[in-house]
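# Commentary on secondary and tertiary structure
These are the residues of each chain, in order.
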Amino acid sequence: MSAESAEIHDRLEGFDTTIHAPNRLRICALLDAAGEAEFGLVQKRLDLSASVLSKHVTVLMDAGYVEQRKAVRDTRQRVWLRLTRRGRDAYQGHLAALRAIVGPPDPAL
């Protein structure tokens, strides 16, 4: 492996194609900041239909990145979402990889 190839590989370390999809990245960002959020709130904040959000949450759950908790509130069953430890680590690793790819801001600009 050449030095240039190794440098590119190092920058991509942590890049996660599961998280990188725009809606899944937004879901992870919201859950990372909130800790836990009710499905309807995530849907509203991200302006997604229930079916689109459900599809992306399922992908994240299958990867072990998100878990859901069901609870009754106001006589209705609610679904609460949160990042797992694995999901939080993967999200943070993905952000670090994106920063490494983009590089530091150019102070001359």
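Residues take numbers from 1 onward in each chain, read along the sequence in its written order. Thresholds applied to this predicted model are a pLDDT of at least 70 for local features of residues and 80 or more for the giving and counting of side-chain atom pairs; totals over whole chains, interfaces and linings are not thresholded and use all residues. Hydrogen atoms and water are omitted, and side-chain values are computed over all heavy atoms in the structure.

## So, the pairing of strand 3 (residues 76-83)
Paired strands, in this sense, are two strands between which DSSP finds at least two bridges. A helix here means a DSSP run of H or I that spans at least four residues, while a strand means a run of E at least two residues long, and both kinds are numbered starting from the N terminus. Sheet analysis places strand 1 (residues 37-38) next to strand 3, joined by 2 bridges and oriented antiparallel. Within strand 3, the position partnered with Glu 38 by the bridge is Trp 80. Both strand 2 (residues 66-73) and strand 3 contribute to a ladder of 8 bridges, which runs antiparallel. Bridging across to strand 3, Gln 68 finds its partner in Leu 81. The loop that links strand 2 with its antiparallel partner strand 3 comprises 2 residues; one of these, Asp 74, has a positive phi angle of about 55 degrees.

## Some words on the side chain of Arg 78
Checked against the element boundaries, Arg 78 lands in strand 3. In this structure, Arg 78 is in contact with Glu 38, Arg 69, Lys 70, Ala 71 and Arg 73, ignoring residues within four places of it in sequence. In what follows, a contact means two residues having at least one pair of non-hydrogen atoms within 4.5 Å.

## Side note on unusual backbone geometry
Phi at Asp 47 takes a positive value of approximately 55 degrees, unusual for a residue other than glycine. Tracing the chain through its elements places Asp 47 in the loop between helix 4 (39-46) and helix 5 (50-62). The buried label goes to any residue with under 20% of its type's maximum accessible area, the exposed label to any with over 50%, and the partly exposed label to all in between, with areas taken from a 1.4 Å probe on protein chains only. Relative accessible area serves as the criterion here: at 70%, Asp 47 is assigned to the exposed category.

## Overview of the pattern of salt bridges
Take a side-chain nitrogen of Lys or Arg and a carboxyl oxygen of Asp or Glu: if they are within 4 Å of each other, that pair is a salt bridge. One pass over the structure, following the stated rule, counts 3 salt bridges. In this structure, Arg 82 engages Glu 67 in a salt bridge whose closest nitrogen and oxygen atoms are separated by 2.6 Å. Residue Arg 82 is found in strand 3, and its partner Glu 67 is found in strand 2; the two are separated by 15 residues along the sequence. Residue class for Glu 67 comes out partly exposed when judged on its relative accessible area of 33%.

## Comments concerning the nonpolar core
Throughout this description, the term nonpolar core refers to a set of buried Ala, Val, Leu, Ile, Met, Phe, Trp, Tyr and Cys residues connected via side-chain atoms within 4.5 Å. Ile 27, Leu 31, Val 42, Leu 53, Val 66 and Leu 81 are the most contacted members of the largest nonpolar core, which has 22 residues in total. Mapped onto this core, the elements with two or more residues apiece are helix 3 (22-34), helix 4, helix 5, strand 3 and helix 6 (85-102). Not counting residues within four places of it along the chain, the set of residues in contact with Val 42 comprises Leu 30, Leu 31, Ala 37, Leu 53 and Leu 81.

## Digging into the environment of Val 52
Tracing the chain through its elements places Val 52 in helix 5. A C-alpha to C-alpha distance of 8.8 Å links Val 52 and Asn 23, two positions 29 residues apart in sequence.

## Let's talk about helix 5
By definition here, a helix of n residues has an expected span of 1.5 Å times n minus one. For helix 5, which comprises 13 residues, the first-to-last C-alpha distance of 18 Å matches the rise-based estimate of 18 Å (1.5 Å per residue) to within 8%. Along helix 5, the residues classified as buried are Leu 53, His 56, Val 57 and Leu 60. For helix 5, the angular spread of buried residues about the axis comes to 100 degrees, placing them on one side. Across helix 5 from its buried face, at more than 90 degrees, point the exposed residues Ser 51, Lys 55 and Asp 62. Directions drawn from the helix axis to the C-beta atoms are what define this arc.

## With respect to helix 3
Taking 1.5 Å of rise per residue, the 13 residues of helix 3 would be expected to cover 18 Å, and the 18 Å separating its terminal C-alpha atoms lies within 8% of that figure. All buried positions along helix 3 are accounted for by Asn 23, Arg 24, Ile 27, Cys 28, Leu 30 and Leu 31. Projected down its long axis, helix 3 carries its buried residues within an arc of 165 degrees, all on one side. Opposite the buried face of helix 3, by more than 90 degrees, sit the exposed residues Pro 22 and Ala 33. Phi turns positive one or two residues past the end of helix 3, at Gly 35, with a value near 85 degrees.

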